[in-house]
Amino acid sequence: MTTGEEQQQRESPSPVTLNDTEIVRLAQRQQEQQQHHYHQQTTHSLPEFLLSPQSHKTLLSFLHARSSSPSPSAAVHEYVVSLLSLISASPQNPSIYSLLSSLVLSYTHIFPSLPHDQNSLKTISFFNTLLNYVPTKELQSVVDSILSSLGEIVNVDDAQLLDLFPRCLDIIRTAEDVERGRDYVNSVVNKMIESEWSKGLLVKMVSVVKEFGFLEKGERKELLEKIFMGMKNVDLQDLPWLAYQLLVLASKGFNKREVVEGIVWFFGSKMGSKMTSTVRQIEGTVLLHVNFAVKQDPSLGQEVLGLLKSDLRAFNHFMVAVLLSVSRVRRFSESSFGILKMAVFTAYRDYKIARDCKWIPDDQKEEYLQNVKVVEKSVLRAVNESNYGREHIVPSIVQFGFVLLESVEESKCKDLCNSDGLLGIEELGIQMLKTLFEIHDMARNEIIDQCKFRILSLKSEQSRPIIRLLSFLIQSYPYPMLEYVSHLKELLDYFTFMGNKVASNLVNALLPLIRLSRDLQDYCVLVVRKAMFRREDTVRLAATNAIIDLIMAEKQFKKDGSFSFQDSSSQASCSQQAEIPWSTGRNLFQELSGLLQRCLYQQAKVKEAVYQGLVKLVLMDPSTGGLVLDFLVPHFHRFFKEDADVQLGVSNCVKSECGTVLLEEPLDCLLSCISWILILQTRGKTDQPADSMWTCFGFSLSQENEAGRNLSEESFSSALLKIRKLLRKGNLEDILGHSQDAGSATLHEEKRKCYVLILSGIVEVVLNVIATESEKVTGTNKVELEKELIEFVDLHETLVRDAHKSRQSNANKKLKTAASQKQDSIGSSNSKSIQERISFLATSSIYQFLQIALKLCTTESCSNAAASQNNNSQSSDKTSKCSNFVHFVLVASLHHIKSSANFKKEDPLKMLVYGEIKTLGPLLLKLVFLLKSRSKVMTSQKKKETKGKKDVEDRKELLHLALICLKEMIMISLYDSCLTVLVENLLSVSELGDAGLDTERDLASSADNQDIRNRELFLLIILKPLLSDLLSLSFFDGIEVICDIILMIVNKLPSKLRYSHGAWVIDICKTNDIKNFHVVKSMIRLAICLNSPPTDMQVAQDMAKKMLKSIRSDNSDSLEASESFSLINLSTASVITSCILHIIEADVVDMEWATKKLKTTSLVTHKSTYLNHEGKHTSGLAFEENLYSRAKAVVEILSSFVLMSLKDSQAEHFLRLVAKFYKHLAQMSKLKIAPKGCKQILPSLQFQKLVELTCKQLTVPLYNFMAEMQQEQQENSNNKGIINKIKRENKCIPDLIFQIEDYERYLIQLSKATKINLLRHAKRSTARDFKILDPKNVVGEDVPDHEANQNNSAADENESCSDSEDNEGNESEKVSSPQPGSPLAAEDSECEAEDRSDLPTTKRLKRGMVVHDSDDEE
């Protein structure tokens, strides 16, 4: 260096050293200058000290010094921000890069020792803006430093450095000067995922990870799993924010379905057990976030809907709330309710099918039951928690509740109500709206308005649940409902436009509120008055029922007393109490008697409603009996005259108009009403003083009123006695009267039949009166009354025969009368069908009749035994009278039992008329035993006598009737859940049955449950011996009934107790040669259905194999009867075939449902992420294996039928059944193919066995079966009806072949995916265009037998395997051949060689078949 240069250097100024305070001041001055020259572009040069590399160490020392100061947060923030602001003025200067990178790295090192507050957050944000100027390799050090401190993060503020992560990783990933930058970024992400996350780190990661746009699908999934698994440790106040950030992630490239599924899984399952108000408020906030997110991103709403649609396991209370929240978005409203409704219906339907499906194990049935309970609890919980920050879903709850109520009829799950502790869909909807009405005042008006709108707009059956809801609201919340009286009055304005049932049910629902509102009562009366003048019959009938209901409501209120009302009314508000005034001295019966009088001039059905209503009124308040009788006196005397001779105006009860006979007066119903009122009057006098009801209101009846009441009562009593005498001694023709019509003889016969029906009903009324009297007397008087009963029964049977003859004489005419007919053996003046008509006879009366019948049968048996020894001819007359009486009693009992099921439990008439109907069971069983034992004697004594044979047939008919009565009673008891009591009563009669059953008693006593023990005893002691006796007597009709009863009882037993009963029936089938088709069908059905799976299918398969020997086409090998089953022979083969096919068809229907469930399970297994963590539905594999096992059993049974020569109708039925079965097999095979992007699972051994069995034993013989069918058609083408048969079969045969080919197509695809040749035993399809060939070309061809077809090779199939397209997303895969040395390869090569050698024969066979491949497709 020259001397001049050295001097110049000495003279030039050295860089001025700045301390930290001066740096801060310098940065502040620059900032002030920038603010002063805001609109001018100014540049500032950095001090030389900052640009010098030697100063970097000094600058960093200032940073460390400030971090040790008493207030490091502000000091470090002030210094670092000042330094960064100076650097940002000229960041492109290369000398700044090292300073900036050193500063960032140093700050990350001292960050754990600094307070984590807003100052540190601002500092990190400033660093983030300058990361682009940090060298890439230095950024890796920064990232490594941050990664190493992840374990020290406790709360969210500790994780502020993570804000640098997204920018750092993005720069490293895209940097060109870094080798394998992507791999480094991936390793960083993996380390983050593998590290332990504190709750603070988790919250921070959710906000940071949304900036990771470079993440792959698998990494995003792992991050979400990490987040959701760690959310349980997050503080409650952070959960709403966390949920919102997760929803943001869904819009940033993360899988929306996984995000939604994770949120639902966490809040529905993990947080579901926490029921605190804080948790509920948090869930409400999250719901608002979801609602907002769906509005911003509609695709997120689609994922919410799709989650529950594809996987019902996601159903929980939070999922319900989410869908209700999403439904507030207009575009998703309808679909949200549809998905919720589908989920609820599916849960109920699945349980119903699983419960009735035999081959599903009990533990899986219990799982489906628990699913339904989860659905019910989830829905109700979502409603109960709707007042915790989620009021926005209240309108949706209202709408969904009414959607459920409207869909009750659609669900077809009514029988699940109140069973196994389930609410049922109707009760679920009602509970939802009741709860909402209670907890949300703002929803009440909407609920009432919706009730009003839907009652008026829906059909009668659909509106019934809505009216029931209204009734529950009025009963549960009467005082709040008073505020909506105006709405209810508006609803009543449409009374005349409603149907009969809707209008009647509506008034009945309003009755509790009418007690509290005089205004509403008056309005109801006004509406009813108007309705009585309408022209429509249904409106007048509804008005009549409403009048009766209003009167009875008033009586019930007075009966309950005013004091209880005053106590309850004290709880109402002042505004509500103004609605409550009630006049205790008011008597609606007297006020509305004019309207009731008008009802007595209406149609017969209106009069019947009045008569039944009056009986209910007196039943509720016996003291009103006198008033009611006074009311009926004028009307009664229109048809009863007692001048010189007593006249019963039966002829005045029927009229003819335009050649049609109409019932004008149901006189039998009128007399029944009067007789019941008189009986209730008698009971009322003994129960309480006559004027006790009136004295409680401050007055009593006068002597004149009491005398008037007694006068009307005595008048009616006298009239009934005279009618009894008239019927007993009078001439039948005189009573019926002579028709004065000059019309045709047919019209005269129709009128006479109506007269007879009315008169037979009157006789029943008289019989009921006599039986009631007989209860109170003993000794000689009781005997006389029993004789009178027998005489009236003879009269009744005479009238029945008369009506029956009249019915036969007009067999081709339809009687257009309101009086419908009973069964052929019953005659009564019915204005309704037998199922709707109330019985004239009380249960107590029928009980006495059965006792008399037993006495007569016993006496007749003794007299017949003596007469047979003394050759007395009088025994036949006694037998005839006894048979008539027993026949009447049994027919009356059957009608009584059937009609009892049509009356509600709360109906007052049900207890009065039907009472304890189960008490009839033991008497009916005693009668069965007596008739059976008598039939044995008569069969042995009178086999060769013609008259004796007739008596035996009569006994069989009576025994059949008695068994039907017993069956109907058991059915009703099953429906009413009263079977236990009935069985206990019936077991008390077991002493009359077979003795010596100690072993059976011991076997039954091993059962733990008393109900099950009683049912088992009932089977062992009564039903089984009874069936054996009937078989020995060849009482075939009775055997059918007993089989039905046994099936009903056994279905209520556990599976482990059914085996012995099934073995017993199988033994009967093996040892008894029964020819009666109906009995054979019943026994076969019983033998199969009483066995539990898989035994039931083994029994059916055994029967099918044995039957194959009897009806196979080769007659030389056929047997007249099976060696092991005496029941199976040529004559019964057709019936047995039909029975077994119907049983198999039921299983195939169950398989359709099971396949759909399998599809759902398969999709969930492949797609679900978080729900699988709970371990739900672990029995899915067991369910799948059970399905394959059942399908195998079906194949084995069908393989026997395919070798039989079935009749035309059975062959068509068989083909359609097999086509359905192959359709389900195709779906099963399709489900085994993994979707695109999922791992392919090898098919189970059970599935492979099913495929092999189907190919060998069913598919191959089916083609021969179809060929033989069509060949037979061609040979018999000249027969009439063959054209229609060909048309039907031309539809089912192509469908079957299509299903087979579809099934094999999926097997080909599965074979390619799994590299297992599933078609090595298959036969290539030979039916393409279904062309019917000339019979001449078919006769000469040989059809290959079953064994040859089983050996068909898979060469053609292998060819089709390799050439076919894979339509399920497996195009890239190829079928690899088996290993050369493997057994599978040896088998395939052997089959291939055989198939090639037989190829010409196969082609000839194809051309020779009736159905063959088209040339175009060759």
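Residues numbered from 1 in each chain as written. Predicted model: local features only at pLDDT ≥ 70, side-chain atom pairs only at ≥ 80, totals over all residues. Heavy atoms only, no water.

A few points about the overall build of the protein
Part 1 of the reasoning: Looking only at helices and strands, one finds 63 helices and 4 strands in the protein.
Part 2 of the reasoning: Every one of the 1418 residues in the protein was classed for burial, and the buried ones make up 53%.
Part 3 of the reasoning: Restricting to contacts in the protein with at least 6 residues of sequence separation, those with at least 24 account for 79%.
Part 4 of the reasoning: Counting every atom, the protein has about 63,700 Å² of accessible surface; 49% of that belongs to carbon and sulfur. (Helix = DSSP H or I, 4+ residues; strand = E, 2+ residues; numbered from the N terminus. Buried < 20%, exposed > 50% of the residue type's maximum accessible area, 1.4 Å probe, protein only. Contact = heavy atoms within 4.5 Å. Areas by Shrake-Rupley, 256 points an atom, 1.4 Å probe, with all protein chains shown as cover.)

Some points on the environment of Ile146
Part 1 of the reasoning: Checked against the element boundaries, Ile146 lands in helix H8 (residues 136-148).
Part 2 of the reasoning: A C-alpha to C-alpha distance of 8.5 Å links Ile146 and Phe165, two positions 19 residues apart in sequence.
Part 3 of the reasoning: Residues within four places of Ile146 in sequence aside, it is in contact with Thr108, Leu161, Leu162, Leu164 and Phe165.

A few points about the side chain of Ser1082
Part 1 of the reasoning: With respect to the helices and strands, Ser1082 occurs in helix H52 (residues 1077-1089).
Part 2 of the reasoning: Residue classification places Ser1082 among the buried residues on the basis of a relative accessible area of 7%.
Part 3 of the reasoning: In contact with Ser1082, other than residues within four places in its own chain, are Glu1040 and Cys1043.

Points about the environment of Ile1241
Part 1 of the reasoning: Its location among the elements puts Ile1241 in the loop between helix H56 (1208-1231) and helix H57 (1245-1275).
Part 2 of the reasoning: Under the relative-accessibility criterion, Ile1241 is labelled exposed at 54%.
Part 3 of the reasoning: The spatial distance from the C-alpha of Ile1241 to the C-alpha of Thr1314 is 7.5 Å, given a sequence separation of 73 residues.
Part 4 of the reasoning: If near-sequence neighbours (up to four positions away) are discounted, Ile1241 is found in contact with Lys1232 and Thr1314.

Description of the confidence of the model for the protein
Part 1 of the reasoning: On average, residues of the protein carry a pLDDT of 77, and 76% of them reach 70 or more.
Part 2 of the reasoning: Per-residue pLDDT stays below 50 along residues 992-996; that stretch engages in 5 contacts with residues further than four places along the chain or on separate chains.
Part 3 of the reasoning: Across residues 1113-1119, where pLDDT falls below 50, the model places 7 contacts with residues more than four positions away in sequence or in other chains. (pLDDT = per-residue confidence, 0-100.)

A word on helix H24 (residues 460-476)
Within an α-helix, residues lying three or four positions from one another point in the same direction, as the helix has 3.6 residues per turn.
Part 1 of the reasoning: Its 17 residues place the ends of H24 24 Å apart at the C-alpha level, agreeing with the 24 Å of an ideal helix rising 1.5 Å per residue.
Part 2 of the reasoning: Looking only at H24, the buried set comprises Ser463, Pro465, Ile466, Ile467, Leu469, Leu470, Ser471, Leu473 and Ile474. (Expected span 1.5 Å × (residues − 1).)

As for the pattern of salt bridges
Oppositely charged side chains can pair when the atoms bearing their charge come close.
Part 1 of the reasoning: Applying the stated criterion across every chain, the model contains 45 salt bridges.
Part 2 of the reasoning: Note that Glu426 is salt-bridged to Arg464, the shortest N-O span being 3.2 Å. With Glu426 in helix H22 (residues 425-439) and Arg464 in helix H24, this residue pair connects regions lying 38 residues apart in the sequence.
Part 3 of the reasoning: One salt bridge in this structure joins Arg540 and Asp537, with 2.7 Å as the shortest N-O distance. One end of the pair, Arg540, and the other, Asp537, are both in helix H29 (residues 537-560), 3 residues apart, so they sit about a helical turn from each other.
Part 4 of the reasoning: Connected through salt bridges with shared partners, the residues Arg280, Glu283, Arg381, Glu385 and Arg390 form a single ionic network. (Salt bridge = Lys/Arg side-chain N within 4 Å of Asp/Glu carboxyl O.)

A word on the packing of aromatic side chains
Each aromatic ring pair is characterised by the separation of its centres together with the angle its planes make.
Part 1 of the reasoning: This model, assessed by the stated rule, comprises 21 aromatic pairs.
Part 2 of the reasoning: A centroid spacing of 5.3 Å and a plane angle of 25° characterise the contact between Phe212 and Phe214, whose relative ring orientation is stacked. There is no split in this pair, since Phe212 and Phe214 are both buried.
Part 3 of the reasoning: Ring geometry for Phe903 and Tyr914: centres 5.6 Å apart, planes at 40°, overall tilted. Of the two residues, Phe903 sits in the loop between helix H43 (875-900) and helix H44 (908-914) while Tyr914 sits in helix H44, which places them 11 residues apart along the sequence.
Part 4 of the reasoning: For Tyr914, a relative accessible area of 1% translates into the label buried.
Part 5 of the reasoning: Over the ring of Phe254 we find Arg220; its NZ or CZ atom is 5.6 Å from the centre of that ring.
Part 6 of the reasoning: Against the face of Phe1247 rests Lys1232, its NZ or CZ located 5.9 Å from the ring centre. (Phe/Tyr/Trp six-rings, centres within 6.5 Å; stacked < 30°, edge-to-face > 60°. Lys NZ or Arg CZ within 6 Å of the ring centre and 35° of its normal.)

Observations concerning empty space enclosed by the protein
Take a probe with the size of a water molecule and roll it over the atoms, and the empty space left behind shows itself.
Part 1 of the reasoning: Counted by the stated rule, this structure contains 11 cavities of 30 Å³ or more.
Part 2 of the reasoning: In this structure, the largest cavity occupies an estimated 150 Å³ of space.
Part 3 of the reasoning: Every residue lining the largest cavity is counted, 14 residues in all, and those nearest its centre are Gln612, Ser672, Cys673, Trp676 and Ile838.
Part 4 of the reasoning: Among the secondary structure elements, those contributing two or more residues to the lining of the largest cavity are helix H34 (604-620), helix H36 (667-687) and H44.
Part 5 of the reasoning: Within the lining of the largest cavity, the residues separate by chemical class into 9 nonpolar, 3 polar and 2 charged. (1 Å grid on protein atoms, 1.4 Å probe; cavity = no way out; pocket = protein on both sides within 12 Å on 5 of 7 lines; lining within 4 Å. Points joined across faces, edges and corners; volume = space filled by probe spheres on them. Nonpolar A, V, L, I, M, F, W, Y, C, P; charged D, E, K, R; others polar.)

Re helix H14 (residues 256-270)
Part 1 of the reasoning: Given a rise of 1.5 Å per residue, 15 residues ought to cover 21 Å, and the 20 Å separating the end C-alpha atoms of H14 matches this to within 8%.
Part 2 of the reasoning: The buried count for H14 comes to 11 of 15 residues, which makes it a mostly enclosed element.
Part 3 of the reasoning: Listed as buried for H14 are Glu258, Val259, Val260, Glu261, Gly262, Ile263, Val264, Trp265, Phe266, Phe267 and Gly268.
Part 4 of the reasoning: In this structure, the buried side of H14 is in contact with helix H12 (217-230), helix H13 (239-250), helix H15 (277-296), helix H16 (298-310) and helix H17 (317-326).
Part 5 of the reasoning: By the N-cap criterion, in which a side-chain oxygen at the helix start approaches the backbone nitrogen of a residue two or three places on, H14 is capped by Asn255, the distance to Arg257 being 2.9 Å. (Polar contact = N/O pair within 3.5 Å; in protein donor to acceptor, adjacent residues only side chain to side chain.)

A few points about unusual backbone geometry
Part 1 of the reasoning: Residue Pro1093 is joined to Pro1094 through a cis peptide bond whose omega torsion reads 0°.
Part 2 of the reasoning: Here Pro1094 shows up in the loop between H52 and helix H53 (1095-1111).
Part 3 of the reasoning: Positioned with a positive phi, Ser1034 is a non-glycine residue whose angle comes to about 60°.
Part 4 of the reasoning: Positionally, Ser1034 belongs in the loop between helix H49 (1010-1033) and helix H50 (1036-1050).
Part 5 of the reasoning: The class of Ser1034 is partly exposed, set by a relative accessible area of 32%.

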